[in-house]
Amino acid sequence: MITTKEWFPSSVANGMMAFFPFFGRWGESPQQPDGKKPRPSASMVPIRALSERHRPRILAHLLSLDAQDRYLRFGYQASDAQIERYVDGLNFERDEIFGIYNRSLKLIAMAHVAYAPQSSDMASCAEFGVSVLKSGRGKGLGSRLFERAAMDARTRGVQMLFIHALSENTAMLKIARKAGATVERDGSESEAYLKLPPAGFDTRMADLVEDQMGEMDYQFKKQARQFWDFLSTVQEVRRDVQQGRHKSGQ
């Protein structure tokens, strides 16, 4: 007999395979030849483009960073008030904000791609910043967000993607080097830049598919969360009824 908990995730996975059969199983890595357990793959982690209505979730995500993580993300130990001002100043019309949610719809990773005004001499440049909660680390989410940011930047005609980070932020600089970026160190700070090739048809199509996958994934997780909340309510009612019958029978 298949329980509800077994059936529901399976139906979701099968539904996604029906829409995107060429992507393979969600989160699976190729089998290792030495028989070792494969590392979690972030290559198919759905990423959602965030908008104005997600501002509270973005704020909650950044406020949950501890002092050290805030220091690495912003270059200083940002206070709650400073983070609130940063979130209030996000320009969703000009910039792009990407996020990764877990099954509980918690924003565990977020990237900010800041674009220069089109009227400026730096219109072909953009800057990348990322933050990942401790619960989401070691899964390649930062690299996955960088790939998504680079794809979006290419479709906008950006030629140079910059990363400004503290030299001690080895995780961020590792992402940059892995992508082929040039890293220049200047004391306690480092500047990385990646030259982007022009976007072709494949890049633009992949950008559209990424957006659709991110939105579908979020909706599936939202429905699953609502479903489990509903089951929890039903179970509580059943327990209350059973307890009431037990008391009346005494």
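Residues numbered from 1 in each chain as written. Predicted model: local features only at pLDDT ≥ 70, side-chain atom pairs only at ≥ 80, totals over all residues. Heavy atoms only, no water.

Quick look at the packing of helix H2 (residues 55-63) against helix H4 (residues 80-88) now. Between H2 and H4, whose axes approach to 10 Å, the crossing angle comes to 150°. Comparing the axis directions of H2 and H4 gives the class roughly antiparallel. In the packing of H2 onto H4, the handedness of the crossing is right-handed. Contacts between H2 and H4 involve Arg55, Ile58, Leu59, Leu62 and Leu63 from the first element and Asp80, Ile83, Glu84, Tyr86, Val87 and Asp88 from the second. Partitioned by chemical class, the residues of the contact of H2 with H4 number seven nonpolar, no polar and four charged. (Axes fitted to C-alpha atoms, helices over the stretch in contact; angles between N-to-C directions. Helix = DSSP H or I, 4+ residues; strand = E, 2+ residues; numbered from the N terminus. Parallel < 35°, antiparallel > 145°, perpendicular 65-115°, else oblique. Left-handed = near helix turned anticlockwise from the far one by under 90°. Contact = heavy atoms within 4.5 Å. Nonpolar A, V, L, I, M, F, W, Y, C, P; charged D, E, K, R; others polar.)

The next point concerns the sheet that holds strand S4 (residues 125-132). Sheets are built from strands paired through backbone hydrogen bonds, the pairs being either parallel or antiparallel. With mixed pairing, the seven strands of this open sheet are ordered in space as S1-S2-S3-S4-S5-S7-S6. Strand pairing shows two members of the sheet lacking a second neighbour, strand S1 (48-50) and strand S6 (182-186), which therefore form its edges. Taken over all neighbouring pairs, the strand axes of this sheet differ in orientation by 25° on average, direction set aside. Relative to strand S2 (residues 96-101), S1 runs antiparallel, the two being bridged by three bridges. If you follow Leu50 over to S2, its bridge partner there is Ile97. Across the sheet, helix H3 (residues 67-74) lies against strand S3 (107-115), S4 and strand S5 (160-166), angled at about 170° from S4, the strand it touches most. (Pairing = 2+ DSSP bridges.)

With that out of the way, let us pick up the pairing of strand S7 (residues 189-195). Residue alternation in S7 divides its side chains into a buried set, Ser190, Ala192 and Leu194, and an unburied set, Glu189, Glu191, Tyr193 and Lys195. In terms of strand pairing, S5 meets S7 through seven bridges, oriented antiparallel. Bridge pairing in S7 places Ala165 opposite Ser190. The pairing of S6 with S7 spans five bridges and is antiparallel. The partner of Thr182 across the bridge, within S7, is Tyr193. (Buried < 20%, exposed > 50% of the residue type's maximum accessible area, 1.4 Å probe, protein only.)

This part takes up the pattern of salt bridges. Using the criterion set out here, one finds eight salt bridges in the structure. Ionic pairing is found between Glu52 and Arg55, a salt bridge with its closest N-O pair at 2.6 Å. One salt bridge connects Asp69 with Arg137, and the closest N-O pair in it is separated by 2.8 Å. Here Asp69 is found in helix H3, whereas its partner Arg137 is found in the loop between S4 and helix H5 (141-155), with 68 residues between them in sequence. Using a relative accessible area of 12% as the deciding quantity, one classes Asp69 as buried. Ionic contacts of the salt-bridge type, sharing partners, join the residues Asp66, Asp69, Lys134 and Arg137 into one network. (Salt bridge = Lys/Arg side-chain N within 4 Å of Asp/Glu carboxyl O.)

The next point concerns the pairing of S4. When you tally the buried positions in S4, you get six out of eight residues, the bulk of the element. Pairing of S3 with S4, which is carried by seven bridges, proceeds in the antiparallel orientation. In the sheet register, Ala109 faces S4, and the bridge partner there is Val132. Two elements, S4 and S5, share three bridges in a ladder whose sense is parallel. Paired with Ala126 across the strands is Leu161, a residue of S5. You can see the chain leave S4, run along H5 and come back into S5, and the turn it takes is right-handed. (Right-handed = clockwise from strand over helix to strand, strands pointing away.)

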